[in-house]
Amino acid sequence: MKLRKLEMELEKVEGFAAPSPALEQYKTPATLAASFLHLAFMSGDIEDQTVYDFGCGTGILSVGAALLGARKVVGFDIDESAVAVAEKNAEAMGVSDRVSFIQCNISDVSEQILSEKLGRADTVVMNPPFGAQEKGNDRPFLASAIQAADVVYSIHNKGSRAFIEKFIKPATITDCFKTEFPIRKTFDFHRKEIETIDVEIYRIETSGIGPD
Ligand SMILES: C[S@@+](CC[C@H](N)C(=O)[O-])C[C@H]1O[C@@H](n2cnc3c(N)ncnc32)[C@H](O)[C@@H]1O
């Protein structure tokens, strides 16, 4: 599927009914979600692959991965109500045969892999909390992602490279793409209708690190 078509499809994905600031529930805009997934697709990390979406929210990245030909997609989110919307989105977008969702804390995913409930994926895609509400909220996402798949795509605040490089060792960053994230006014503390922040998309190779 071409980038523009994917973007148009992802515009149809419903967002959070009552977003939580503590969980940093910002839906990734369709333009950014489409270009993020397209990057992964062009590197051969989506089509025919098993893809996990960490902090899936209402499922925009899960649905997009399925539209780009992922064999199987599993989205994980701590918020039951977000998972319920994600399930409806997958159904409405005609991909529910290949996409499922699990309500859990992301820190518990490697335990589930260890207990073989899940197994490892080929690729993790994620737009984790940036730690704007509580510093370090992105850490459990990175820690679980490098255990869960061979390749990880993750969106972070501009200037995160040194921290990520150190945190994920012995996994390595293979690519970093700079882009913008337009965040619509979602919470009372947001002053502008749209606040655009500079972000970086990282591609990480884990060389098969798995749960200990
Ligand atoms: C920035 S939103 C991204 C949502 C969605 N992936 C998207 O791209 O639109 C981050 C998501 O992480 C989820 N989240 C936050 N902390 C979590 C945790 N400890 N375990 C699982 N999910 C968590 C939130 O509920 C939220 O849906």
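Residues numbered from 1 in each chain as written. Predicted model: local features only at pLDDT ≥ 70, side-chain atom pairs only at ≥ 80, totals over all residues. Heavy atoms only, no water.

S.K.: Explanation requested: the environment of Q103 in the structure shown.
M.R.: Turning to its location among the elements, Q103 is positioned in strand β3 (residues 99-103). You can call Q103 partly exposed: its relative accessible area is 42%. A sequence separation of 25 residues divides Q103 from I78, and the C-alpha atoms of the two residues are 5.3 Å apart. Separated by 2.9 Å, the side chain of Q103 and the backbone oxygen of I78 make a polar contact. (Helix = DSSP H or I, 4+ residues; strand = E, 2+ residues; numbered from the N terminus. Buried < 20%, exposed > 50% of the residue type's maximum accessible area, 1.4 Å probe, protein only. Polar contact = N/O pair within 3.5 Å; in protein donor to acceptor, adjacent residues only side chain to side chain.)

S.K.: What should I look at first to understand the confidence of the model for the protein in this one?
M.R.: It should be kept in mind that the predicted coordinates are not to be read in detail where pLDDT is low. The pLDDT averaged across the protein works out to 94; a share of 100% of its residues lies at or above 70. Note on the complex model: pTM 0.96, ipTM 0.99. (pLDDT = per-residue confidence, 0-100.)

S.K.: It is not clear to me how the pattern of salt bridges should be interpreted in this structure. Could you clarify?
M.R.: Oppositely charged side chains can pair when the atoms bearing their charge come close. Inspection of every chain in the model, using the stated rule, returns 10 salt bridges. Its salt-bridge partner being R4, residue E7 comes within 2.9 Å of it at the nearest N-O pair. Taken together, the residues E7 and R4, both in helix α1 (residues 3-10) and 3 residues apart, mark about one turn of the helix. Owing to a relative accessible area of 15%, E7 belongs among the buried residues under this scheme. The salt bridge involving K5 is made with E9; its shortest N-O contact spans 3.3 Å. You can see K5 and its partner E9 sitting in helix α1, 4 residues apart, about one turn around the helix. With relative accessibility at 15%, the residue E9 sits in the buried group. One salt-bridge network, in which partners are shared between bridges, spans K5, E9 and K12. (Salt bridge = Lys/Arg side-chain N within 4 Å of Asp/Glu carboxyl O.)

S.K.: Quick question: what am I supposed to make of the nonpolar core here?
M.R.: Side chains of a nonpolar character, in soluble globular proteins, are inclined to be buried together. Grouped together as the largest cluster of nonpolar side chains are 41 residues, with contacts concentrated most on L10, F36, L37, I46, V63, V95 and V125. Take this core: its biggest share by element is 8 residues, from helix α2 (residues 30-42). Ignoring anything within four residues of it in the chain, the contact list for I46 reads L37, A40, F41, V51, A65, L68, G69, A70 and V125. Residues I113, L118, A148 and I209 belong to the second largest nonpolar core, which totals 26 residues. (Core = buried A, V, L, I, M, F, W, Y, C linked by side-chain atoms within 4.5 Å. Contact = heavy atoms within 4.5 Å.)

S.K.: Quick question: what am I supposed to make of a positive patch on the surface here?
M.R.: Side chains of K135, R139, K166 and K169 sit close together on the surface and give a patch of like positive charge. Checked against the element boundaries, R139 lands in helix α6 (residues 139-148). (Patch = residues over 30% accessible without salt bridge, like charges linked within 9 Å, V, L, I, M, F, W, Y side chains within 5 Å. Areas by Shrake-Rupley, 256 points an atom, 1.4 Å probe, with all protein chains shown as cover. Lys, Arg positive; Asp, Glu negative; His and termini not counted. Charge placed at Lys NZ, Arg CZ, Asp CG, Glu CD.)

S.K.: What exactly am I supposed to notice about the side chain of T50 here?
M.R.: Here T50 shows up in strand β1 (residues 50-54). Given a relative accessible area of 10%, T50 falls into the buried group.

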